[in-house]
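Here is what each chain is made of, one letter per residue.
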Amino acid sequence: MKIRVGILFIGTLIQVGLLFMFIRPLYRNVALPLPLLNVYGVRYTDSILVLAYGYFYFGCITFFHMGAMRRFLDGYGILLLSRGKEYSYFIVKQFAQIVVSVCIIYGMEVAMSIVMNRIFNLGVAVRFSSVEFIGATLWIVTVSILVWMQMMLELFMPETVAVLIINIYGIISIIIGTHVLAGGSLWKYLCFLNFALYARIQESGVQWTGILLSLAGHAAAIALLSYHQIQRRDYL
Amino acid sequence: MESVELRHVTKKIRSRLVLDDITYQFEPGTIYGVVGPNGSGKTMLLRMLAGLIHPSEGEVMINGRLLHKDISFPGNMGLIIEHISLLPYLTGRDNLRALARIRKVASEKDIEDALLRVGLEKVMDSKVKTYSLGMKQRLNLAQALFERPELLFLDEPTNALDERGSESIRNILLEEKKRGAMIVLTSHHMDDIQIADVQLKMAEGRLY
C-alpha cells in the first residue's frame, strides 16, 4: 500500500510539473484555471503532449487501485457473501469507493498545484466557473468508470493483466482519439479516456449526448458483467 | 438441522485435479475432522462445502437444495478460512456488530458472549490492528460462532494458538456440537482432530 501511495504522490508531482513546464507556455496570454489541471490546456491535435499529460497520471491512478476489488472479495467480502449479502451491494459499494478515491486524488492534485504555484510564484490565475465544474466532473466520472472497468477485468483475470489492458486501452484511445475525435466515426465514443480532457472534447465538437450515452452504456455493461462474475467466480 | 451432501464432486483448477469424485454425506450434530498434508485438497473441500467454489462436476446439496442453483450459499453457516481478515480499523466488538447487521439474528449479548467464549474479554474494545496473530484467530472464531450457525466450516481453527488456546477452542467446538451444529474442521495434524466423531483423510483430492 505504501508503494502505491508513494507512486501516486510522485505521479501527482510529475503531473503538476508537466502542467507548469509544458502546458502553461502554450497559453501565455490566457489565465489558466488552476483547479482544472486535468481538463484544460491540452490541444486535441497534439498526441505526444496529450499522452504525457492526459495518460501518464491515469496510469498512476490505475496502478494505485490495482487488485483492490479482488483483495476485498477474497478477504472480508467472503464474510459478507457467506452471510447472504446481496451481490448488487458489492457493485454499488465498489463504484462509490472508486468515485470517492478519484475525487480525493483530484483534490490532492489541485492542492499540490496551488502550493507549487505559490512556492515558485508562477502567477497562475485561479478560476472556477460552470465550465470548469463540468470539465472536472467529466474527468472524475470518466476516470472512475475506467478504474471500475479495470476492477471488473480483475474478476476475470490476474490483476497485473487487467491493469496492463486498461493502460494499453488508455494509450490507444488517446492516440486514436487525435484522428477520430474530429471525424464522424462512432469510434470516438469508445475512445474513452479523451472524455477526461475537456479541452479536447470542446475543440473536437463531440456531441454531449453521445458522451453521456457512452459513459452510461459502459457503466451499465460493467455493472452487469461484474454482477455476473461475482456470482459465478471461485473464491480461492 | 442442516445436512450437507456431496455427490461425485470433482474440481479442476487450470487442469489440476484438486477434488476427485467425492461423494459423502455430512450429518447434523457431528464433528468431522479432515486431516491431510499440504495440497491434499482439505481447504478446497471446505470451500466447496461453504459454496465458495463451484464444482467442475457433481453436486453439493444443502438440506436437499442444490448449491449454486437453488441457493447461492448454505444459509446458516459460520466460516474460518485462510486470508479472511476482519476490518483492522474497527474494534473486535464493532467488527461483529458490522457483520450482525447483515443477517440480523444476533443480539448485542450474542456478540459479547462469543467474544467472552474465545477469551477476548480484555481486548474486545481495542482495534483489531493492535491484535496479535492468536487474538485475530480467536476473533475469527468468534465471528464464525456468534450467530449460532448450524454449519461450521473451520480451516485449521487452532492455527497461531498456544496449547491452552487450542484446548479452549476444542471445548467450544464440543459445546457447539451439543447444540446440534455440524462441524467440519481441517488440520495437518491428527492431534488437532481428536475431538472429531468422524475422522477423514484427504490425499490427492480424494476423501478416505
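Cut-offs applied
- Residues numbered from 1 in each chain as written.
- Chains lettered and ligands numbered in written order.
- Predicted model: local features only at pLDDT ≥ 70, side-chain atom pairs only at ≥ 80, totals over all residues.
- Heavy atoms only, no water.
- Contact = heavy atoms within 4.5 Å.
- Buried area = accessible area lost by both parts, 1.4 Å probe.
- Salt bridge = Lys/Arg side-chain N within 4 Å of Asp/Glu carboxyl O.
- Helix = DSSP H or I, 4+ residues; strand = E, 2+ residues; numbered from the N terminus.
- Nonpolar A, V, L, I, M, F, W, Y, C, P; charged D, E, K, R; others polar.
- Patch = residues over 30% accessible without salt bridge, like charges linked within 9 Å, V, L, I, M, F, W, Y side chains within 5 Å.
- Areas by Shrake-Rupley, 256 points an atom, 1.4 Å probe, with all protein chains shown as cover.
- Axes fitted to C-alpha atoms, helices over the stretch in contact; angles between N-to-C directions.
- Parallel < 35°, antiparallel > 145°, perpendicular 65-115°, else oblique.
- Left-handed = near helix turned anticlockwise from the far one by under 90°.
- Buried < 20%, exposed > 50% of the residue type's maximum accessible area, 1.4 Å probe, protein only.
- Pairing = 2+ DSSP bridges.
- UniProt positions renumbered as here; feature names shortened; annotations may be inferred.
- Phe/Tyr/Trp six-rings, centres within 6.5 Å; stacked < 30°, edge-to-face > 60°.
- Lys NZ or Arg CZ within 6 Å of the ring centre and 35° of its normal.

## Brief notes about the interface of chain A and chain B
In this complex, chain A contributes 17 residues to the contact, which on the side of chain B involves 26 residues. Of the roughly 1800 Å² buried between chain A and chain B, counting both surfaces, carbon and sulfur atoms make up 62%. Area buried by chain A at its contact with chain B is led by Y76, R83 and L236 of chain A, which between them contribute 39% of it. Our count for the contact surface shared by chain A and chain B stands at two salt bridges. For R83 of chain A, the salt bridge goes to E147 of chain B, with nearest N and O atoms at 2.8 Å. The set of elements that each furnish at least two residues to the side of chain A that touches chain B consists of α4 (76-81) and α9 (208-232) of chain A. Of all the elements, α4 of chain A adds the most residues to the side of chain A that touches chain B, at five residues. Its residues assigned to classes, the side of chain A that touches chain B shows eight nonpolar, three polar and six charged.

## Observations concerning a nonpolar patch on the surface
A cluster of nonpolar side chains, namely F9, I10, L13 and I14 of chain A, defines an oily patch on the protein surface of about 360 Å² accessible area. Position of I10 of chain A relative to the elements: it lies in helix α1 (residues 2-23).

## Some details on the packing of helix α2 (residues 92-103) of chain B against helix α4 (residues 133-145) of chain B
All names here are of chain B. Where α2 contacts α4, the axes come no closer than 10 Å and their chain directions differ by 30°. For the element pair α2 / α4, the angle class is roughly parallel. Between α2 and α4 the crossing geometry is right-handed. Facing G92, L96 and L99 of α2, the residues of α4 in contact are L139, A142 and Q143. For the contact of α2 with α4, the class distribution of residues is four nonpolar, two polar and no charged.

## What to know about the pattern of salt bridges
All names here are of chain A. Summed over all chains, the structure comprises 22 salt bridges over all chains. Here R70 ties to D74 by a salt bridge, and the two come within 3.9 Å at their closest N and O atoms. Here R70 and its partner D74 are both found in helix α3 (residues 68-74), four residues apart, which amounts to about one turn of the helix. Judged by relative accessible area, which is 27%, R70 ranks as partly exposed.

## Some points on the pairing of strand β9 (residues 198-203) of chain B
Each regular strand carries side chains that alternate between the two faces of the sheet. Residues and elements named next belong to chain B. Examined bridge by bridge, strand β3 (residues 31-35) and β9 share four bridges and lie parallel to one another. Residue pairing in the sheet places G33 in a bridge with Q199 of β9. Of the strand pairs in this sheet, β9 and strand β10 (residues 206-207) are connected by two bridges, and their pairing is antiparallel. Looking at the pairing, A203 lines up with R206 of β10. Here β9 folds back onto β10, and the loop between the two strands holds two residues, one of which, E204, carries a positive phi near 50°.

## Overview of the UniProt feature "transmembrane region" (unreviewed entry) in chain A
Residue and element names in this part refer to chain A. In this numbering, the UniProt entry assigns the feature "transmembrane region" (unreviewed entry) to residues 7-27, 47-66, 87-108, 128-149, 161-187 and 207-227. The span residues 128-149 shows a helical share of 91% and a strand share of 0%, and its end C-alpha atoms are spaced 30 Å apart. A distance of 24 Å separates the end C-alpha atoms of residues 161-187, which is 74% helix and 0% strand.

## Let's talk about the sheet that holds strand β1 (residues 4-13) of chain B
Residue and element names in this part refer to chain B. Pairing is antiparallel across the open sheet formed by four strands, whose spatial order is β2-β1-β4-β5. Since the sheet does not close on itself, it has two edges, and those belong to β2 (16-26) and β5 (65-66), each with one partner. In this sheet, strand β4 (residues 57-62) lies alongside β1 in antiparallel orientation, the contact comprising five bridges. Residue pairing across strands places L6 opposite V60, the latter belonging to β4. This element, helix α1 (residues 42-49), spans β1, β2 and β4 of the sheet and lies at about 125° to β1.

## Re the pairing of β1 of chain B
Residues and elements named next belong to chain B. Judged from the seven bridges that link them, β1 and β2 form a sheet pairing that is antiparallel. For V9, the partnering residue across the bridge sits in β2 and is I22. Linking two consecutive strands that pair antiparallel, namely β1 and β2, is a turn of two residues; a positive phi of about 45° is found at R14 within it.

## Re the UniProt feature "domain: ABC transporter" (unreviewed entry) in chain B
Per the UniProt annotation, the sites labelled "domain: ABC transporter" (unreviewed entry) are residues 4-208 of chain B. Secondary structure across residues 4-208 of chain B comprises 29% helix and 28% strand; the distance between its end C-alpha atoms is 17 Å.

## Re the packing of aromatic side chains
All names here are of chain A. Counted under the stated rule, the structure contains ten aromatic pairs over all chains. Their ring planes at 80° and their centres at 5.8 Å tell us that Y87 and Y227 sit as a pair that is edge-to-face. Remark: Y227 occurs in helix α9 and Y87 occurs in helix α5 (residues 87-119); sequence separation between them is 140 residues. Overall, the relative accessible area of 31% leaves Y227 in the partly exposed class. Taken together, the ring pairs connect F72, Y76, Y89 and F90 into an aromatic cluster. For the cation-ring pair, K85 lies above Y89, with the distance from its terminal atom to the ring centre recorded as 4.3 Å. When the ring centre of Y235 is taken as origin, the NZ or CZ atom of R233, which lies over that ring, is 4.7 Å away.

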